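Residue strings, one per chain:
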Amino acid sequence: MKLVRLLPTIFLITTALSAQQTQHVLGFMTDFDVKDDAIGICKAVMVGIDPDIRIIDISHQVTPYDIAEGARFLAGSAPYFPADAIFVVVIDPGVGSTRKAIIAHSRRGQYFVLPDNGLLTLFPSTGENQIVEAREITNPGWMIGAKLSSTFHGRDIFSPTGAHLARGDDWTQAGPVLDVAKLVRLNIQNPTLDAAGLHTEVLGLDGPFGNVILNLPSETFAKLGYHLGDSVPVTIDNHPYTILFVKTFSDVPVGSPLLYIDSRGRVALSLNQRNFAEKYNITPGLAVTIPVKK
């Protein structure tokens, strides 16, 4: 009798464990903002295809049309998601044009559903996060259906495709193979080192705080010979600055500049409790030079 009474409980536990094993996490990022119904519609499409999907919002306030910012957020957040996660990313100023809608697959096992417009630029060329396979999305069965629009592919192509992947559908059915080497890459200057020092560029700005993120990994910066406590000469767009290299914001007085390694391992510039980018009129893409320590 006791076993009979326990059977419903055992069934519920087994069902819950099974659901946890098949549930996929989907990271969702757009430049849509949340002022209208676009995000809700996309999520409704996903849930309609895969009711068990678990959606995590990365951001829906990417600067409109800013593919480089989207690329930075995507490459920075993907390593913190599960190895089988799916990403739907819609920063798509070329929507409805000849740009391809694609699925990319990393060596680690993650899938990226997005326009082929440079959003994958900052993924490494080696290692587990390298993009190793890609397919174009051409199968109408992976789209919303006959009412495909020319301006809302977030709803009509990317959201349903992401949900099909989360449900466990075979991604080879989405469309033909693409050459990974021919995927669109943004022209972001990688750090170079010569006799004059290290040359790179402003990669982006950190949220509302105005911190300036350089396209400069900490290990590359270390080759210049600077240590914590050193004053570092930095030239941005031909304007020279001398900035103290410290560990965190409170290591300098309020309003003072600092150079630090940010949480994603890149060199960044800030004013403690002030806005560096606003004060010095810094925008992404500006050239940066840092000399070797003398």
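In this text, all values refer to a predicted model and were calculated from it rather than measured experimentally.

With that settled, consider helix 3 (residues 67–77). In terms of burial, helix 3 is largely enclosed, as 9 of its 11 residues are buried. Residues of helix 3 that are buried: I67, E69, G70, A71, R72, L74, A75, G76 and S77. The N-terminus of helix 3 is capped by D66, whose side-chain oxygen sits 3.3 Å from the backbone nitrogen of A68.

If you walk across this open sheet you meet the 6 strands as 2-1-3-5-4-6, and the pairing is mixed. One side of each edge strand has no neighbouring strand; the edge strands of this open sheet are strand 2 (54–59) and strand 6 (131–136). Taken pair by pair, the neighbouring strands of this sheet meet at an average axis angle of 20°, ignoring direction. In this sheet, strand 5 (residues 111–115) lies alongside strand 3 (residues 86–90) in parallel orientation, the contact comprising 3 bridges. Paired with I86 across the two strands is Y111, which belongs to strand 5. Packed on one face of the sheet, helix 2 (residues 38–49) meets strand 1 (25–30), strand 2 and strand 3 and runs near 155° to strand 1. Of the strands in this sheet, strand 1, strand 2, strand 3 and strand 5 are in contact with helix 3, which crosses strand 1 at around 160°.

Here we come to the confidence of the model for the protein chain. Keep in mind that low pLDDT regions are not for reading the predicted coordinates in detail. This prediction gives the protein chain a mean pLDDT of 92; 92% of its residues lie at or above 70. Counting interchain partners and residues more than four positions distant, the pLDDT-below-50 stretch residues 10–21 has 0 contacts.

Most peptide bonds adopt trans geometry, and most residues besides glycine take a negative phi value. Positive phi values are uncommon outside glycine, yet N238 reaches one of about 70°. Given a relative accessible area of 71%, N238 falls into the exposed group. Phi angles above zero are rare outside glycine, and Q273 is one such case at about 60°. The residue Q273 is located in the loop between strand 13 (266–271) and helix 6 (276–280) in this model. The class for Q273 is exposed, based on a relative accessible area of 60%.

Across the 6 residues of strand 1, 6 count as buried, placing the element largely inside the fold. Every second residue of strand 1 is oriented toward a common face, with V25, G27 and M29 on one face and L26, F28 and T30 on the other, all of them buried. Here strand 1 runs beside strand 2; their pairing, made up of 5 bridges, is parallel. Note that in strand 2 the partner of F28 across the bridge is D57. Since strand 1 and strand 2 lie parallel, the crossover through helix 2 that links them has a hand, and here it is right-handed.

Tallied over the entire structure, the rule returns 5 salt bridges. Residue D156 is joined to R155 by a salt bridge in which the shortest nitrogen-to-oxygen separation is 2.4 Å. A residue is classified by how much of its surface remains accessible, and R155, at 23% relative accessible area, is partly exposed. A salt bridge links K293 to D230, with the nearest nitrogen and oxygen atoms 2.9 Å apart. Of this pair, K293 sits in the segment after strand 14 (287–290) while D230 sits in the loop between helix 5 (218–221) and strand 10 (231–236); the two residues are 63 residues apart in sequence, bridging distant segments of the chain. Taking the relative accessible area as the measure of exposure, K293 reaches 35% and is therefore partly exposed.

A few words on the pairing of strand 10. A one-sided burial pattern is seen for strand 10, the buried positions being V232, V234 and I236 and the unburied ones S231, P233 and T235. Relative to strand 11 (residues 239–245), strand 10 runs antiparallel, the two being bridged by 6 bridges. Its bridge partner lying in strand 11, I236 is registered against H239. The loop that links strand 10 with its antiparallel partner strand 11 comprises 2 residues; one of these, D237, has a positive phi angle of about 55°.

Parameters and conventions
Residues numbered from 1 in each chain as written. Predicted model: local features only at pLDDT ≥ 70, side-chain atom pairs only at ≥ 80, totals over all residues. Heavy atoms only, no water. Buried < 20%, exposed > 50% of the residue type's maximum accessible area, 1.4 Å probe, protein only. Helix = DSSP H or I, 4+ residues; strand = E, 2+ residues; numbered from the N terminus. Polar contact = N/O pair within 3.5 Å; in protein donor to acceptor, adjacent residues only side chain to side chain. Pairing = 2+ DSSP bridges. Axes fitted to C-alpha atoms, helices over the stretch in contact; angles between N-to-C directions. Contact = heavy atoms within 4.5 Å. pLDDT = per-residue confidence, 0-100. Right-handed = clockwise from strand over helix to strand, strands pointing away. Salt bridge = Lys/Arg side-chain N within 4 Å of Asp/Glu carboxyl O.

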